[in-house]
Amino acid sequence: MQHIAQRVFNDEIESLKEAAALIDEHFSATVDVILQSKGKVIITGAGKSGLIGKKISATLASTGTASFFMHPTEAFHGDLGMVGKDDVLILISYSGETDEVIKIIPFLKWNDNITISITGNPNSTIAKNTNHHLNVRITHEACALKLAPTSSTTATLVMGDALAVALMEARKFQPEDFARFHPGGSLGRKLLVKVKDLMRTEQLPFIHENASFTDVLLRMSEGRLGMVIVGNETYVKGVVTDGDLRRALLRNPDTSTQTVSSMMSINPVIIPADESINHAEQLMIERKITTILVGSPTNRTVLGIYQIYTR
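Analysis parameters
- Residues numbered from 1 in each chain as written.
- Predicted model: local features only at pLDDT ≥ 70, side-chain atom pairs only at ≥ 80, totals over all residues.
- Heavy atoms only, no water.
- Helix = DSSP H or I, 4+ residues; strand = E, 2+ residues; numbered from the N terminus.
- Rg over C-alpha atoms; globule rule 2.2 N^0.38 Å.
- Buried < 20%, exposed > 50% of the residue type's maximum accessible area, 1.4 Å probe, protein only.
- Contact = heavy atoms within 4.5 Å.
- Lys, Arg positive; Asp, Glu negative; His and termini not counted.
- Charge placed at Lys NZ, Arg CZ, Asp CG, Glu CD.
- Axes fitted to C-alpha atoms, helices over the stretch in contact; angles between N-to-C directions.
- Parallel < 35°, antiparallel > 145°, perpendicular 65-115°, else oblique.
- Left-handed = near helix turned anticlockwise from the far one by under 90°.
- Nonpolar A, V, L, I, M, F, W, Y, C, P; charged D, E, K, R; others polar.
- Pairing = 2+ DSSP bridges.
- Polar contact = N/O pair within 3.5 Å; in protein donor to acceptor, adjacent residues only side chain to side chain.
- 1 Å grid on protein atoms, 1.4 Å probe; cavity = no way out; pocket = protein on both sides within 12 Å on 5 of 7 lines; lining within 4 Å.
- Points joined across faces, edges and corners; volume = space filled by probe spheres on them.

**Digging into the overall build of the protein chain**
The helix and strand tally for the protein chain stands at 15 helices and 11 strands. Over its C-alpha atoms the protein chain spans a radius of gyration of 30 Å, topping by over 25% the 19 Å that the globule rule assigns to 311 residues. Oriented by its inertia axes, the alpha-carbon framework of the protein chain measures out at about 90 × 50 × 35 Å. Counting across all 311 residues of the protein chain, residues that qualify as buried make up 43%. For the protein chain, contacts bridging at least 24 residues in sequence account for 62% of all contacts bridging at least 6. The protein chain carries 31 positive and 33 negative side-chain charges, and their two centres are separated by 4 Å.

**Concerning the packing of helix 2 (residues 25-36) against helix 8 (residues 151-170)**
One can describe the packing of helix 2 onto helix 8 by two numbers: an axis separation of 10 Å at closest approach and a directional angle of 55°. Our classification of the angle between helix 2 and helix 8 gives oblique. Regarding helix 2 and helix 8, the two cross each other, and that crossing is right-handed. Between helix 2, through Phe27, Thr30, Val31, Ile34 and Leu35, and helix 8, the contact on the second element is made entirely by Met159, Ala162, Leu163, Ala166, Leu167 and Ala170. Among the residues making up the contact of helix 2 with helix 8, the classes are represented as 10 nonpolar, 1 polar and no charged.

**Brief notes about the environment of Arg137**
One can find Arg137 in the loop between strand 5 (132-135) and helix 8. Put simply, Arg137 and Val294 are 157 residues apart on the chain and 58 Å apart in space, counted from C-alpha to C-alpha. Residue contacts for Arg137: discarding those within four places in its chain leaves Glu18, Ala19, Leu22, Tyr94, Thr119 and Gly120.

**Topic: the sheet that holds strand 4 (residues 114-119)**
Taken in spatial order, the 5 strands line up as 2-1-3-4-5 in an open sheet, and their pairing is parallel. Each edge of the open sheet is held by one strand with a lone partner, namely strand 2 (67-69) and strand 5. Sheet twist, expressed as the average angle between the axes of neighbouring strands with direction ignored, equals 20°. One ladder, built from 3 bridges, connects strand 1 (residues 41-45) with strand 2; its direction is parallel.

**A short note on the sheet that holds strand 10 (residues 291-296)**
An order of 9-10-11 is seen for the 3 strands of this open sheet, with the pairing classed as mixed. Edge positions in the sheet fall to strand 9 (270-271) and strand 11 (301-307), since each has one partner strand and no second. Pairing of strand 10 with strand 11, which is carried by 6 bridges, proceeds in the antiparallel orientation. Note that in strand 11 the partner of Val294 across the bridge is Gly304.

**Section: the environment of Ser221**
When you line up the elements, Ser221 lands in helix 12 (residues 213-223). Using a relative accessible area of 51% as the deciding quantity, one classes Ser221 as exposed. On a C-alpha basis, the gap between Ser221 and Pro205 in space is 9.3 Å, while along the polypeptide they are 16 residues apart. For Ser221, the side chain forms a polar contact with the main-chain oxygen of Leu217, separated by 3.0 Å.

**Some words on the side chain of Ser117**
Tracing the backbone shows Ser117 in strand 4. With relative accessibility at 0%, the residue Ser117 sits in the buried group. A polar contact of 2.8 Å, which involves the side chain of Ser117, links it to the side chain of Thr130. Setting aside residues up to four positions removed in sequence, Ser117 forms contacts with Leu91, Ile126, Ala127, Thr130, His132, His133 and Leu134.

**Section: empty space enclosed by the protein**
Tallied over the full model, the rule gives 1 cavity of 30 Å³ or more. Roughly 40 Å³ of internal volume is contained in the largest cavity. With 3 residues, strand 5 is the largest single contributor of residues to the lining of the largest cavity. Taken together, the residues that form the lining of the largest cavity break down as 5 nonpolar, 2 polar and 1 charged.

Without other data, these values stay purely geometric and don't point to any function.
This is how it looks when you write it as structure tokens:
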């Protein structure tokens, strides 16, 4: 079966090359009219074209171009009320003869909308009745019967991606903009979430520098962070981690003679609360620590603790 998969990949790659060679001035004109539009980009299509249209619309919306998908049948039965005069319509139909799509063209002309078609036939009804046409003609589909929409839907999808990317570059769309539209994704977390949003602020494991070894061990167990903070919120003298405890015991098994001062690290890493989670985690990886203090590095004050791994 591997040879079938390879054949499909190769067929679709060749089809994409064919469609790429057909890109002309209408592509640039399409980008320009969308950039100049004060409305939304509404995409419509039926069947497989509709499914591809939904994905193109989602990509546009997430990359700075306001967009939504409208099913042509629902449009013909009332959803045309969602179409404003400033909206740009993209009509998708590989044959260019999809009846449901053709039926809404008279309204779009009456409403004076700018229309763009994506078809595989420049001489089709839909192509001839739109302002701009993007040709995605391919020689044959990738399926064995040369019938099922495969190469044609891939070419249409890539044409939509090309539009989205061109619009992104024209608008100078930045990673920060992308993150705002994807707050739940990994990029959104890296760029938008601050340390203060996730840090622990309650029951911080503070301990006095004169505390005994047993007190340190008990406080560390209560805090469940694998460390204690020597000092208080207004001034941190140092930290003692579970690793510090183990090293202290290896040096001197007599816990009665152990002091907090001899065990603690006097220069703990403190990061501002407004720092991004991404920067904080990179710093923790570099320092090979799983817990970091949050506060003022200059004044050595502490507002909270951030830990990479939740216990």
